[in-house]
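In case you want the letters, here they are:
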Amino acid sequence: MKIGLMGGSFDPVHSGHLRAAEEISERLALDEVVFIPTLVSPHKSSETMATPSHRLNMLNLSAKRNSRFRVSDMELRREPPSYTIDTLKALKQSGSEDGYYFIMGCELFAEIDTWKDFAELFNYSSFVVLRRPGYDFADSASPIPLALKNDFRYSYSDRGMDVFAHKSSNELFFVDIAGIRVSSTEVRELARHGNSLRYLVPREVEKYIAENGLYQLEEKL
């Protein structure tokens, strides 16, 4: 199977996450996309606002209507911080012969050389970098960080997608998506002030946030 992996705090999951996963699953013919919420992200300085159980519940509510979406709590069950290299190694060591495609935004990929054991990541999974409208790599000679440039060679382009081959035989995809411009920070701020979240998060998530008093000055547990 071809399995997409989407990690993050998902605090909360929103329509941008879900639409990106849907677009990539179609473009790359993925069999499923697995959402993996982090316990403690090493890439963010602030703690999450909602508890791990709340974030997991909201993801499960969001994924249940899409047969290609699945949620894993593997990082929530592991000691923090949640390093991607540890997750990818664990998946490979499980004995599965599935092919993995780690999905991430271009802003994060631009900083991938700050990740733990970043050069090893591509030995365990292909990577899919989302190019959203309003962000491009035009200011640099190559979309691949200098520290990784010798590990890749250009492969091909196809309808808004540029593909590079890694020395491990995994691939690096840069894919244009339409996406939906919304952030978890924006959703939290709207919820804090009691404003509507309609169309920014799934209806079930909007209801869950309201019923549990999430993102208020004092969260109800």
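Keep in mind that what you see is a predicted model, and the values were worked out from it rather than measured.

Undergrad: Tell me about the layout of surface pockets, and name the residues and values.
TA: Any empty space left between atoms is shown by rolling a water-sized probe over those atoms. Taken as a whole, the second largest pocket encloses approximately 200 Å³ of empty space. Elements represented by at least two residues in the lining of the second largest pocket include exactly helix 1 (15–27), helix 2 (52–63) and helix 7 (203–212). Classifying every residue of the lining of the second largest pocket gives four nonpolar, two polar and four charged.

Undergrad: Explain the pattern of salt bridges to me, and be specific about the residues and the numbers.
TA: Taken as a whole and judged by the stated rule, the model has 15 salt bridges. When the shortest N-O distance is used, the salt bridge between E204 and R65 registers 3.0 Å. Residue E204 is found in helix 7, and its partner R65 is found in the loop between helix 2 and strand 3 (69–71); the two are separated by 139 residues along the sequence. For R65, a relative accessible area of 70% corresponds to the exposed category. Ionic pairing is found between R78 and E75, a salt bridge with its closest N-O pair at 4.0 Å. The class of R78 is partly exposed, set by a relative accessible area of 22%.

Undergrad: Quick one: what's the story with the nonpolar core, residue by residue and with numbers?
TA: A general trend in soluble globular proteins is that nonpolar side chains are found buried together. Of all hydrophobic cores here, the largest spans 39 residues; its most connected members are I24, F35 and V128. If you look at the next biggest cluster of nonpolar residues, it comprises 26 residues, including L88, I112, L172 and F174.

Undergrad: Hey, could you go over the side chain of H17 for me, with residue numbers and the actual values?
TA: Inspection of the secondary structure assignment puts H17 in helix 1. Not counting residues up to four positions away in its chain, the partners in contact with H17 are M6, F10, P12, F35 and S184.

Undergrad: Could you give an account of helix 1, with specific residues and numbers?
TA: Compared with an ideal rise of 1.5 Å per residue, which puts 13 residues at 18 Å, helix 1 spans 18 Å between its outermost C-alpha atoms and is within 8% of the ideal. In terms of burial, helix 1 is a largely internal element, ten of the 13 residues being buried. All of the buried residues along helix 1 are S15, G16, H17, L18, A20, A21, E22, E23, I24 and S25. Just past helix 1, the residue A29 takes up positive phi, approximately 55°.

Undergrad: Describe helix 6 (residues 184–192), with residues and values.
TA: Spacing of three or four residues puts side chains on the same side of an α-helix, whose turn is 3.6 residues. Within the span of helix 6, buried status applies to S184, V187 and A191. Mapping the buried residues of helix 6 onto a view down its axis gives an arc of 60°, with all of them on the same face. Among the residues trailing helix 6, G194 stands out with phi positive, at a value near 75°.

Undergrad: So what's going on with the packing of aromatic side chains? Residues and values would help.
TA: Applying the stated criterion across every chain yields a total of ten aromatic pairs. For the pair F102 and F127, a centre-to-centre distance of 5.2 Å together with 40° between the ring planes defines the contact as tilted. On the criterion of sequence distance, the pair formed by F102 in strand 4 (residues 99–105) and F127 in strand 5 (residues 126–131) is long-range, its members being 25 residues apart. An identical accessibility class is assigned to F102 and F127; each is buried. Taken together, a centroid distance of 5.8 Å and an interplanar angle of 85° make the contact between F164 and F174 edge-to-face. Linking F164 in strand 7 (residues 161–166) with F174 in strand 8 (residues 171–176), this pair joins segments that are ten residues apart in sequence. Using a relative accessible area of 12% as the deciding quantity, one classes F164 as buried. A residue is classified by how much of its surface remains accessible, and F174, at 1% relative accessible area, is buried.

Undergrad: Quick one: what's the story with the pairing of strand 5, residue by residue and with numbers?
TA: The buried fraction of strand 5 amounts to six of the six residues, a majority that puts the element mostly inside the structure. Neither face of strand 5 is open: one carries S126, V128 and L130, the other F127, V129 and R131, and all of them are buried. Direction of pairing for strand 4 relative to strand 5: parallel, over a ladder of five bridges. Paired with F102 across the strands is F127, a residue of strand 5. Where strand 5 and strand 8 come together, five bridges link them in parallel fashion. Each bridged residue has a counterpart across the sheet, and for V128 the counterpart in strand 8 is F173.

Quick notes on the rules
- Residues numbered from 1 in each chain as written.
- Predicted model: local features only at pLDDT ≥ 70, side-chain atom pairs only at ≥ 80, totals over all residues.
- Heavy atoms only, no water.
- 1 Å grid on protein atoms, 1.4 Å probe; cavity = no way out; pocket = protein on both sides within 12 Å on 5 of 7 lines; lining within 4 Å.
- Points joined across faces, edges and corners; volume = space filled by probe spheres on them.
- Helix = DSSP H or I, 4+ residues; strand = E, 2+ residues; numbered from the N terminus.
- Nonpolar A, V, L, I, M, F, W, Y, C, P; charged D, E, K, R; others polar.
- Salt bridge = Lys/Arg side-chain N within 4 Å of Asp/Glu carboxyl O.
- Buried < 20%, exposed > 50% of the residue type's maximum accessible area, 1.4 Å probe, protein only.
- Core = buried A, V, L, I, M, F, W, Y, C linked by side-chain atoms within 4.5 Å.
- Contact = heavy atoms within 4.5 Å.
- Expected span 1.5 Å × (residues − 1).
- Arc of directions from axis to C-beta.
- Phe/Tyr/Trp six-rings, centres within 6.5 Å; stacked < 30°, edge-to-face > 60°.
- Pairing = 2+ DSSP bridges.

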